[in-house]
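# Residue-level structure breakdown
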Amino acid sequence: MSQDLTIEFGALCDPLSEQLARLELGVSDSDELGRIQLIANAVAVVTVHGLISHAQSDRARRKLFKRLEKIIRPITGNVT
């Protein structure tokens with residue numbers, strides 16, 4: 001069964017680790033999650049300052065989401 005996953009990227013969004021925890025999801029590679037978070041923060045900064053367009057930031061965030069999808073895992077023990 002497939003479910004939709006909603007993660008928010010942006011300057012005012014909660015960190016990815018908090019969003020995943022609320023969804024009862026973990027990651028297989030915490031270093032990669034840290035890299036994704038760092039890049040997401042950088043994308044937010046350059047977007048807010050007008051250095052890249054919103055279309056460019058959307059493309060970058062979609063790529064980050066694909067990287068995130070590869071490492072997310074259900075938290076064991078919370079299977080319903």
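Chains are numbered independently. Their residues run from 1 in the order of the written sequence. Reporting in this predicted model follows two pLDDT cut-offs: at least 70 for local features of residues, and 80 or more for side-chain atom pairs to be given and counted; totals over whole chains, interfaces and linings ignore these cut-offs and use all residues. The basis for every side-chain value is the complete set of non-hydrogen atoms in the structure, without hydrogens or water.

## Some words on the nonpolar core
Nonpolar side chains in soluble globular proteins tend to end up buried together. The term nonpolar core refers to a set of buried residues drawn from Ala, Val, Leu, Ile, Met, Phe, Trp, Tyr and Cys, joined through side-chain atoms within 4.5 Å. A simple rule labels every residue: compare its accessible area, found with a 1.4 Å probe on the protein chains alone, to the largest value its type can have, and call it buried under 20%, exposed over 50%, or partly exposed in between. If you look at the biggest cluster of nonpolar residues, it comprises 13 residues, and the most contacted ones within it are Ile7, Phe9, Leu16, Leu20, Leu33, Ile36 and Leu68. Listing elements by their share of this core, those giving two or more residues are helix H1 (16-22), helix H2 (30-48) and helix H3 (54-71). A run of DSSP states H or I qualifies as a helix once it reaches four residues; a run of E qualifies as a strand once it reaches two. Both are numbered from the N-terminal end. Ranked by residue count, the leading element in this core is H3, at four residues. Only heavy atoms enter the contact rule, under which two residues are in contact if any of them lie within 4.5 Å. Leave out the neighbours within four places in its chain, and isoleucine 7 touches Leu16, Gln19, Leu20, Leu23, Phe65 and Leu68.

## Notes on the side chain of serine 57
Positionally, serine 57 belongs in helix H3. Serine 57 sits in the buried class, given a relative accessible area of 1%. Pairing of N or O atoms within 3.5 Å defines a polar contact, subject to two protein rules: one partner must be a possible hydrogen donor and the other a possible acceptor, and residues neighboring in sequence count only if both atoms are side-chain atoms. A polar contact of 2.9 Å, which involves the side chain of serine 57, links it to the backbone oxygen of histidine 54. Ignoring sequence-local partners within four residues, the contact set of serine 57 consists of Val43, Thr47 and Ile52.

## Focus: the packing of H2 against H3
Each axis is a line fitted through C-alpha atoms, taken for helices only over the stretch in contact, and angles between the N-to-C directions span 0 to 180 degrees. Close contact between H2 and H3 brings their axes to 10 Å; oriented N to C, the two are set at 170 degrees. Considered as vectors, H2 and H3 are oriented roughly antiparallel to each other. Here Glu32, Leu33, Arg35, Ile36, Ile39, Ala40, Val43, Ala44 and Thr47 of H2 come into contact with H3, specifically with His54, Ser57, Ala60, Arg61, Leu64, Arg67, Leu68 and Ile71. Each residue belonging to the contact of H2 with H3 can be placed in one class, and the counts come to 10 nonpolar, three polar and four charged. These descriptions rest on fixed angle ranges, namely under 35 degrees for roughly parallel, over 145 for roughly antiparallel, 65 to 115 for roughly perpendicular, and the rest for oblique. Any residue outside Ala, Val, Leu, Ile, Met, Phe, Trp, Tyr, Cys, Pro, Asp, Glu, Lys and Arg is labelled polar, Gly included; the first ten of those are nonpolar and the last four are charged.

## Focus: unusual backbone geometry
The phi angle of most residues is negative, glycine excepted, and most peptide bonds adopt the trans form. One non-glycine residue, glutamate 24, lies in positive phi territory at about 60 degrees. With respect to the helices and strands, the residue glutamate 24 is situated in the loop between H1 and strand E1 (25-27). What makes glutamate 24 partly exposed here is its relative accessible area of 42%.

## Re the pattern of salt bridges
We define a salt bridge as a contact between a side-chain nitrogen of Lys or Arg and a carboxyl oxygen of Asp or Glu at a distance within 4 Å. Summed over all chains, the structure comprises three salt bridges. Its salt-bridge partner being aspartate 14, residue arginine 22 comes within 3.0 Å of it at the nearest N-O pair. The exposed category is assigned to arginine 22, whose relative accessible area is 55%. Residue aspartate 14 is classed as partly exposed on the basis of its relative accessible area of 35%. In this structure, arginine 35 and glutamate 32 form a salt bridge, with 2.9 Å as the shortest nitrogen-oxygen distance. In this pair, arginine 35 and glutamate 32 both sit in helix H2, three residues apart, roughly one turn of the helix. Via salt bridges that share partners, Glu32, Arg35 and Arg67 belong to a single interconnected network.

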